[in-house]
Amino acid sequence: MPATISADGCTTPYRHTKESTVWHHNGTSNCLLFISMDTYDILIVGAGPAGTCAALRLLSLGYRVAMAEREPFPRPQIGESLSPGIRNIFDYLGAAALLQEDYCLHQLPAQVIWQTQHAEMQPRGHGVMTDRSRLDKALLDLAVANGLVLYQPAKYEHSSYDGTHWQVHVRSTAGALTLSATFLLDARGRKGIRQHQRWQTAPPMVGVWGYTSADNMPGATCVEAVPDGWLWGSPLYDGRYRILAFTDHQFVRQPSILSHFHQLLHASQLFRPAGQFSSLQSCNVFSYVHREPWHHNRIQLGEAAFAIDPLSSTGVEKAMRMSLQAVIAIHTIFQKNTPAIAQEFFESRLAASVASHMRWTSQYYADAWPANTHPFWKTRAVLPFSGQAVSPFTAKVEHSLATYHPPVSSPHKKINIQDTLQQLWHKKLCLSPALSFKQTLCVVNDCVEKKTAIYHPNLEQEMAFLGNHDILPLIQIAQQSDTFGQLILSWKQLVPADMAVPMVLQLWDKQLLCER
């Protein structure tokens, strides 16, 4: 059974992992606390979705994983809106059942006022509104059941690296404790990143939120652009309705937060009947990325790595996805001892994700109806900077921003496979002159490898595989084939027979294979 250091200082349950141990005396219950001084493969600090996601995947790969979390669970947590892509991640982690609990709301419709000042009903798809305090605890309980060694509550104090291991000093109710691990994953959220380590990716905002009765509001998620900011709201499982307002710092002063919150609501159509509010709170909202998210086997996860504009409601999903990328990088080092490739993979994926979100966010702000006339929108409708990289990693983000070109869509073709095959079979073929080759990093059996890939303007990114097959030998055969029919017959020697025709037609549709 995994060892859990509980709030009262006793272990429930306990697993002894090494002979070298330290005894601590618990002054509250007169019990002896037996704490292992084991060295783990990975130590994770922070038990939010990013940290727990990494723990679950690492445990499934057979690693010895420990976690230190400063707060007892469940604890209050905002960020209840989960994007549809979260379902695939929970399925992958074996946690799909957690999204079916009674604190999760599904299939909520959405009312949106954004590009025009008229409300539009939109399906919200497979997104989920949840109670994050209960969902985070359920994820953590699942990780513990799968073998996670959990120290909770245990506050991270400081750490040092000796060239091979991290020595991490934490303090629990039982006293000080030093934990050792090959990798340290910092998933403490915004607490895990200091101001000088942040590289700002968007202008800051203030978020103000409160609760009203769901009876006062539509049974839908509502999003609305108003002149000085934007509003979001949704029903919760407990009969309340949470409303968040996002605006500029210059508009908000602590004594007038409530009045400004109501001003934003009165400027809206969807939120005007909100009624009385309780538990009004505010916080600064910063969008940033860590300047050095990987350093000496210390990897930043979740909001300790990057915090995105809340506009997309994909923060939890993106954090968990990047945790899975970190796991692949760690697994690569343990299995193949290629740390440079592993770090390059993680940083390139993170840089691309940050750049993609920056482009999407600025465009979405630009599309809002107040964008041309109101300062809040003007400053967010453009990318905030160019050429201001402050570290090798932020230079990668800048490069992703500067080199991005939207894919050129190939002409839309309604393909009837049999008719098209008959027309193309005897046609002479050639490779597109716009096609090029490059080395790229790919994931093969949960490890990172360098592969030769092809790139073409009609592709969103380079392609190293076609189906589950390396594309290089397939392209080499295409170079040597005279007709489409000859190519199909040759490919049938390498791939399942029923896949050869769709694969050829896919490349023909994208104009990578052309008639000569």
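None of the values given here were measured: they were computed from a predicted structure. (Residues numbered from 1 in each chain as written. Predicted model: local features only at pLDDT ≥ 70, side-chain atom pairs only at ≥ 80, totals over all residues. Heavy atoms only, no water.)

A word on the overall build of the chain. Check the secondary structure of the chain and you find 12 helices and 28 strands. Burial statistics for the chain: of 516 residues in total, 51% are counted as buried. Considering only intrachain contacts with a sequence separation of at least 6, the fraction spanning at least 24 residues in the chain is 66%. Looking at the chain as shown, the accessible area adds up to about 23,600 Å², and 51% of this sits on carbon and sulfur atoms. (Helix = DSSP H or I, 4+ residues; strand = E, 2+ residues; numbered from the N terminus. Buried < 20%, exposed > 50% of the residue type's maximum accessible area, 1.4 Å probe, protein only. Contact = heavy atoms within 4.5 Å. Areas by Shrake-Rupley, 256 points an atom, 1.4 Å probe, with all protein chains shown as cover.)

Turning to the environment of lysine 137, a few remarks are in order. Mapping lysine 137 onto the fold places it in helix H3 (residues 132-145). In the structure, lysine 137 is positioned 62 residues away from arginine 75 in sequence and 8.4 Å away in space, judged by C-alpha atoms. When neighbours within four sequence positions are excluded, lysine 137 is seen to be in contact with Phe73 and Pro74.

To summarise the sheet geometry, strands pair through backbone hydrogen bonds and adopt either a parallel or an antiparallel arrangement. Strand order in the open sheet made by the three strands is S6-S10-S7, with antiparallel pairing throughout. The outermost strands of the open sheet, each flanked by one partner alone, are strand S6 (81-82) and strand S7 (104-106). Across three bridges, S7 lies against strand S10 (residues 128-130) in antiparallel orientation. By the bridge assignment, leucine 105 is partnered in S10 with methionine 129. (Pairing = 2+ DSSP bridges.)

Take the nonpolar core next. If you look at the biggest cluster of nonpolar residues, it comprises 68 residues, and the most contacted ones within it are Ile44, Phe90, Leu148, Leu185, Ile299, Met320 and Val397. A per-element tally of this core places helix H5 (residues 315-336) first, with 11 residues. Those residues in contact with isoleucine 44 that lie beyond four places of it in its chain are Gly51, Ala54, Ala55, Val65, Ala66, Met67, Ala68, Leu185 and Ala187. Counting 28 residues, the second largest nonpolar core, distinct from the first, contains Leu421, Leu429, Met503 and Trp508. (Core = buried A, V, L, I, M, F, W, Y, C linked by side-chain atoms within 4.5 Å.)

This part takes up the packing of aromatic side chains. Evaluated as defined, the whole model comprises 13 aromatic pairs. Arranged with centres 6.4 Å apart and planes meeting at 75°, the rings of tryptophan 114 and tryptophan 230 form a pair that is edge-to-face. Of the two residues, tryptophan 114 is situated in the loop between strand S8 (109-113) and strand S9 (120-123) and tryptophan 230 in strand S17 (residues 229-235); the sequence distance between them amounts to 116 residues. Classification of tryptophan 114 as buried rests on a relative accessible area of 3%. For the pair tyrosine 365 and phenylalanine 376, a centre-to-centre distance of 6.2 Å together with 75° between the ring planes defines the contact as edge-to-face. With tyrosine 365 in helix H6 (residues 339-366) and phenylalanine 376 in helix H7 (residues 375-378), this pair connects stretches of sequence that are 11 residues apart. (Phe/Tyr/Trp six-rings, centres within 6.5 Å; stacked < 30°, edge-to-face > 60°.)

As a further point, take the pairing of S17. Burial within S17 is extensive, with seven of its seven residues counted as buried. Alternating residues of S17 divide into Gly229, Leu231, Gly233 and Pro235 and Trp230, Trp232 and Ser234, and every residue in both groups is buried. As judged from the five bridges shared by strand S16 (residues 221-226) and S17, these two strands associate in the antiparallel manner. The residue bridging glutamate 224 from the neighbouring strand is leucine 231, located in S17.

Here we take up the pairing of strand S15 (residues 198-213). For S15, a buried count of 13 out of 16 residues is recorded, marking the element as mostly surrounded by other parts of the structure. Summarising the sheet, S15 and strand S19 (residues 278-290) pair through 10 bridges and their orientation is antiparallel. Note on S19: the bridge partner recorded for methionine 205 is valine 285. Note that S15 and strand S18 (residues 240-247) share eight bridges and pair antiparallel. Residue glycine 207 lies in a different strand from S18, and its bridge partner there is phenylalanine 246.

A few words now on the pattern of salt bridges. On inspection of all chains with the given rule, the structure shows 21 salt bridges. Ionic pairing is found between lysine 427 and glutamate 515, a salt bridge with its closest N-O pair at 3.9 Å. Taken together, the residues span a long stretch of sequence, with lysine 427 in the loop between helix H9 (417-424) and strand S23 (429-431) and glutamate 515 in strand S28 (residues 513-515) at a distance of 88 residues. Under the relative-accessibility criterion, lysine 427 is labelled partly exposed at 36%. Residues aspartate 482 and lysine 428 are paired through a salt bridge, measuring 2.6 Å at the closest nitrogen-oxygen approach. Highlighted residues: aspartate 482 in the loop between helix H10 (471-480) and helix H11 (484-491) and lysine 428 in the loop between H9 and S23, separated in sequence by 54 residues. Several salt bridges converge on common partners, so that one network encompasses Lys336, Glu449, Lys451 and Asp470. (Salt bridge = Lys/Arg side-chain N within 4 Å of Asp/Glu carboxyl O.)

This part covers helix H4 (residues 257-266). Residues lying three or four places apart along an α-helix face the same way, a consequence of the helix completing one turn every 3.6 residues. Ile257, His260, Phe261, Leu264 and Leu265 are the residues of H4 that are buried. All buried residues of H4 lie within an arc of 145° about the axis, which places them on one face of the element. Of the residues in H4, the exposed ones pointing more than 90 degrees away from the buried face are Gln263 and His266. Taken together, the buried residues of H4 touch S15, S16, S17, S18 and S19. (Arc of directions from axis to C-beta.)

Before going further, it helps to examine the environment of threonine 201. Among the structural elements, threonine 201 can be located in strand S15. Residues threonine 201 and isoleucine 308, 107 residues apart in the sequence, show an inter-C-alpha distance of 8.1 Å. A distance of 3.4 Å separates a polar atom in the side chain of threonine 201 from the backbone nitrogen of tyrosine 288. (Polar contact = N/O pair within 3.5 Å; in protein donor to acceptor, adjacent residues only side chain to side chain.)

Relative to the assigned elements, threonine 361 resides in helix H6. Here threonine 361 falls in the buried class, since its relative accessible area comes to 6%. Of the polar contacts made by the side chain of threonine 361, one reaches the backbone oxygen of histidine 357; its length is 2.7 Å. If sequence neighbours within four positions are ignored, threonine 361 has contacts with Asp309, Leu311 and Arg380.

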